[in-house]
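In case you want the letters, here they are:
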2 protein chains.
Amino acid sequence: MNKRTEIGTLGEFGLIRHLTEKIELKNSSTVKGVGDDAAVLDYQNKEILVTTDLLLEGIHFDFTYVPLKHLGYKSAVVNFSDVYAMNGRPKQITVSLGISKRFSVEDLEEFYSGLTLACEVYGVDLVGGDTSASLTGLTISTTCLGEAEKDQVVYRSGAKETDLICVSGDLGAAYMGLQLLEREKQIFKGEKDFTPDFSGKEYLLERQLKPEARKDIVELLAKNDVKPTSMIDVSDGLSSELLHIARESNVGCQIYEERIPIDFQTASMAEQFNMNLITAAMNGGEDYELLFTVPLTDHDKVAAIKGVRIIGHITKPEFGTLLVGRDGGEVELKAQGWNSLAQE
Amino acid sequence: MNKRTEIGTLGEFGLIRHLTEKIELKNSSTVKGVGDDAAVLDYQNKEILVTTDLLLEGIHFDFTYVPLKHLGYKSAVVNFSDVYAMNGRPKQITVSLGISKRFSVEDLEEFYSGLTLACEVYGVDLVGGDTSASLTGLTISTTCLGEAEKDQVVYRSGAKETDLICVSGDLGAAYMGLQLLEREKQIFKGEKDFTPDFSGKEYLLERQLKPEARKDIVELLAKNDVKPTSMIDVSDGLSSELLHIARESNVGCQIYEERIPIDFQTASMAEQFNMNLITAAMNGGEDYELLFTVPLTDHDKVAAIKGVRIIGHITKPEFGTLLVGRDGGEVELKAQGWNSLAQE
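What you see is a predicted model, and the numbers here were worked out from it, not measured in a lab. Every chain is numbered independently, its residues counted from 1 as its sequence is written. Chains and ligands are labelled sequentially in the order written, the chains with letters from A and the ligands with numbers from 1. Totals for whole chains, interfaces and linings use all residues, but because this is a predicted model, local features are given only for residues with pLDDT of at least 70 and pairs of side-chain atoms are given and counted only at 80 or more. Values shown for side chains rest on all heavy atoms present in the structure; no hydrogens or waters enter the calculation.

Visitor: How do you make sense of the overall build of chain A when you look at a structure like this?
Guide: Secondary structure assignment for chain A yields 11 helices and 14 strands. Computation of the radius of gyration draws on C-alpha atoms, with the globule rule given as 2.2 Å multiplied by the number of residues to the power 0.38. Relative to the compact-globule value of 20 Å for 344 residues, chain A shows a C-alpha radius of gyration of 21 Å, a close match. Counting only C-alpha atoms and orienting by the principal axes, one finds that chain A spans roughly 65 × 55 × 35 Å. Looking at chain A as a whole, 58% of its 344 residues qualify as buried. Pairs at least 24 apart in sequence give 86% of the contacts found in chain A among residues at least 6 apart. For the area figures, the Shrake-Rupley method with a 1.4 Å probe applies, and any residue is considered shielded solely by the protein chains shown. When the accessible area of chain A is evaluated, it comes to approximately 14,200 Å², of which 48% is carbon and sulfur surface. Charged residues are defined narrowly, with Lys and Arg counted positive, Asp and Glu counted negative, and His plus the chain ends left uncounted. Just so you know, the charge point we use is NZ for Lys, CZ for Arg, CG for Asp and CD for Glu. Taking the average place of the 35 positive charges on the side chains of chain A and the average place of its 54 negative ones, the gap between the two points comes to 2 Å. Numbering of helices and strands runs from the N terminus, with a helix taken as a DSSP run of H or I at least four residues long and a strand as a DSSP run of E at least two residues long. Only protein chains enter the area calculation, which uses a 1.4 Å probe; residues under 20% of their type maximum are buried, those over 50% are exposed, and those in between are partly exposed. What makes two residues a contact is simply this: any of their non-hydrogen atoms within 4.5 Å.

What follows is the structure, given as structure tokens:
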């Protein structure tokens, strides 16, 4: 039997102290973390980046297959990813939780163990939050602060004609991981002690349950003296993100189907599920890879960076936003990305 | 009939654009607001204050009597209050919403009208957020960023023996307003077109439904050259906040019942409800007044500030945290403040 301590026995302040007392601050920009009306930060003369995410049970995660520790890790990482997408470095995070009676102190310890692991891996300080009862499921709200040198912030709006379009890693695997988990859930509903066989599909599950933010790519770009002209992270799917860049930069784009990076496990799973592989890679979402543009003159530099693929180029806006197929046919991009509000 | 536009017709990005397109940025520290992976801020050489609040339907608000516009206003103001409590000035806010099908675009416009009104009144820029579907009620998560000169940040931990304990405004009215609203809800459950008579109790309702943060007090303190040694805002009740200061500063305190500021309407309502007035004032919560300590030498300066009352003084820790009654009897303070996690 696992130990179960009711949250009510600690109360709000007791719970916060219990969960945060071991937190050690790492960053010189963190002056004061948890424990006052506000956290106090000092960024000297750097730009401050602020991004926030809301994750709701039943919409963004399903406890049938998401362990709390993984959820804590992912909640932080998806927030860090937005800071990297500005060419910044995440430094602080606040995490607010709405908790229903179903959760015990031990459950929250699990969540916090994932959260603090992510903070360690990415060098981020947990500096605050709010904790409340919830009448329904678990509510997670995270806000990440990061820093960037003044001339190093990269927006979605800076892409220029002839720029190369690049993407890190591979696409569609997180989506395939979700399909796999959903299928197993459907098949084995009710059969409690069943452990599905995921062998040979570990990469897909890891991409879905424990994604990483591309700290390494941002560092490699800096090391190779490449400053992207525009950048965004792939959370809603490649199509959706390309359309954001095209819209904000007032440009068109052309990408090539044959250049889209896809892992072998993703391709094999798509075949098994009889799904269109390119649709999954273009619209799957939750990849947390970086999509960015660089000047044509940086071609050799980005081509030399491992884990970055050049997938197309920026065009005049009147040429539209196009996917060029293997047969040379052109398709207009559509944002079919994950959209919880339209799906409702 | 009110117009009702379903949120699904706009989608997530459409909804965000619709609600935020008219936002004008006011602060020089806001470099980039809504519309990229993160907001970009520049605080030059000032300290950054960060605070976050989570508000959940059924726990923190009840749509039976809370209009959406008021809720938008209050969501922002309670967050600003935490920044003032650090002796800072709020400058930016992010607001994330989890929205169930029940809400229309017009409902969210109402919420945003209250939110942007608060931002105008307090000179704050709305710079970001996240919007998601929710399977249940409305979820609101706000994060406020504020600034302070480096040597002007006031923590909970700086109170010293013999310091004077001061509080702004009056206490217990917001709690009485809540009691009043709850009573009317109980009495008239089901009778839809009934409008309860709140005349003569407007102040109580306003304190509950449309609280203000004490920007004026923070400015008056600065103008009168008073820097508090410690400060906190009264959100959970005076007792609870005094205990925070005593704990963080490692001191005791002594406050006098007869000095606790209470409005006439609060007193009259307590009598009508047959409630203990001092309990309501000490533990009611949601007053959003400022509780602070100043050196004894600042007595004349704070005594001259309108709207500030000296209610006691700081003692050695071994003397405990005491409320001295009108009869001279001493009672140890207890945190009976609003605690949603213990109440569950």
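This is not the end of the story, as more comes after the structure.
Visitor: Would you take a moment to explain the packing of aromatic side chains for this structure?
Guide: By convention here, two paired aromatic rings are described through the distance between centres and the angle between planes. Residue and element names in this part refer to chain B. Here a pair means two rings of Phe, Tyr or Trp (six-membered ring of Trp) with centres within 6.5 Å. Their orientation is stacked below 30 degrees between planes, edge-to-face above 60, and tilted elsewhere. Per the counting criterion, the structure on display carries 10 aromatic pairs over all chains. Ring geometry for F80 versus Y122: centroids 5.4 Å apart, planes at 55°, classification tilted. In this pair, F80 sits in helix α2 (residues 68-84) while Y122 sits in helix α3 (residues 105-122), placing the two residues 42 residues apart along the sequence. Centre to centre, the rings of Y84 and Y122 are 6.2 Å apart; their planes meet at 50°, and the pair counts as tilted.

Visitor: When you look at the pattern of salt bridges in this model, what are you seeing that I'm missing?
Guide: A pair can form between side chains of opposite charge whenever their charged atoms are brought close. All names here are of chain B. Between Lys or Arg on one side and Asp or Glu on the other, a salt bridge is scored when a side-chain nitrogen of the former is within 4 Å of a carboxyl oxygen of the latter. Under the counting rule described, the total for this entry stands at 38 salt bridges over all chains. With a shortest N-O distance of 3.9 Å, K26 and D125 are connected by a salt bridge. On the criterion of sequence distance, the pair formed by K26 in the loop between α1 (11-20) and β1 (30-32) and D125 in strand β5 (residues 125-128) is long-range, its members being 99 residues apart. Two residues, E57 and R102, come together in a salt bridge whose shortest N-O distance is 2.5 Å. Of the two residues, E57 sits in the loop between β3 (47-56) and α2 while R102 sits in the loop between β4 (89-99) and α3, which places them 45 residues apart along the sequence.

Visitor: I would appreciate a short explanation of the interface of chain A and chain B in the present structure.
Guide: Interfaces are frequently sized by the accessible area removed from exposure as the parts join. Contacts between chain A and chain B engage 73 residues on the former and 72 residues on the latter. Buried area adds together the accessible area that both of two parts lose upon being put together, with accessible area traced by a 1.4 Å probe. Taking both partners together, chain A and chain B bury about 6,000 Å²; carbon and sulfur atoms supply 56% of that area. Taken together, the links from chain A to chain B amount to 6 salt bridges. In this structure, D37 of chain A and R156 of chain B form a salt bridge, with 3.2 Å as the shortest nitrogen-oxygen distance. Polar contacts, as used here, are pairs of N or O atoms within 3.5 Å; protein pairs need one atom able to donate a hydrogen and one able to accept it. Residues neighboring in sequence count only if both atoms are side-chain atoms. At the surface where chain A touches chain B, the tally comes to 17 residue pairs in polar contact (both at pLDDT 80 or more). Here the element with the most residues in the side of chain A that touches chain B is strand β3 (residues 47-56) of chain A; it accounts for 9 residues. The classification used treats Ala, Val, Leu, Ile, Met, Phe, Trp, Tyr, Cys and Pro as nonpolar, Asp, Glu, Lys and Arg as charged, and all other residues, Gly among them, as polar. Considered class by class, the residues forming the side of chain A that touches chain B number 28 nonpolar, 25 polar and 20 charged. Two strands pair under a simple rule: DSSP has to find at least two bridges between them. Relative to β3 of chain B, strand β2 (residues 39-42) of chain A runs antiparallel, the two being bridged by 4 bridges. For V40 of chain A, the partnering residue across the bridge sits in β3 of chain B and is L49 of chain B.

Visitor: Can you walk me through helix α8 (residues 264-273) of chain A in this structure?
Guide: Counting along an α-helix, one turn takes 3.6 residues, and residues three or four places apart therefore face a common direction. Residue and element names in this part refer to chain A. Every buried residue of α8 is listed here: Q265, T266, M269, A270 and F273. Seen along its axis, α8 keeps its buried residues to an arc of 135°; they face one direction. More than 90 degrees from the buried face of α8, the exposed residues found are F264 and E271. Check the buried side of α8 and you find it contacts α4 (173-187), α5 (202-209) and α9 (277-283). This arc describes the spread of directions from the helix axis toward the C-beta atoms.

Visitor: Quick question: what am I supposed to make of the pairing of strand β10 (residues 252-256) of chain A here?
Guide: All names here are of chain A. Burial within β10 is extensive, with 4 of its 5 residues counted as buried. The sheet contact formed by β10 and strand β12 (residues 308-315) spans 4 bridges and is antiparallel. By the bridge assignment, I255 is partnered in β12 with G312. The sheet contact formed by β10 and strand β13 (residues 321-324) spans 4 bridges and is parallel. Note that in β13 the partner of C253 across the bridge is T321.

Visitor: I tried to follow α2 of chain B on my own but got confused; where do I start?
Guide: One less than the number of residues in a helix, times 1.5 Å, gives the span that helix is expected to have. With 17 residues, α2 of chain B extends 25 Å between its outermost C-alpha atoms, agreeing within 8% with the 24 Å of an ideal straight helix rising 1.5 Å per residue. Counted residue by residue, α2 of chain B has 15 buried out of 17 residues, so it is predominantly covered.

Visitor: Please explain the relation of the copies chain A and chain B as it appears in this structure.
Guide: Two copies of a chain can be linked by a rotation about an axis combined with a shift along that same axis. Least squares is the method for superposing the copies, and the C-alpha atoms it fits come from residues with pLDDT of at least 70 in both. The operation relating chain A to chain B is a screw motion whose rotation component is 180°, with 0.0 Å of axial translation and a residual RMSD of 0.0 Å. Considering both components of the superposition, the chain copies are consistent with a two-fold axis. Closest approach to the rotation axis among the C-alpha atoms of chain A is made by N45 of chain A, whose C-alpha sits 2.9 Å away. A symmetric contact is evident, with 99% of the interface residues of chain A recurring at the interface of chain B.

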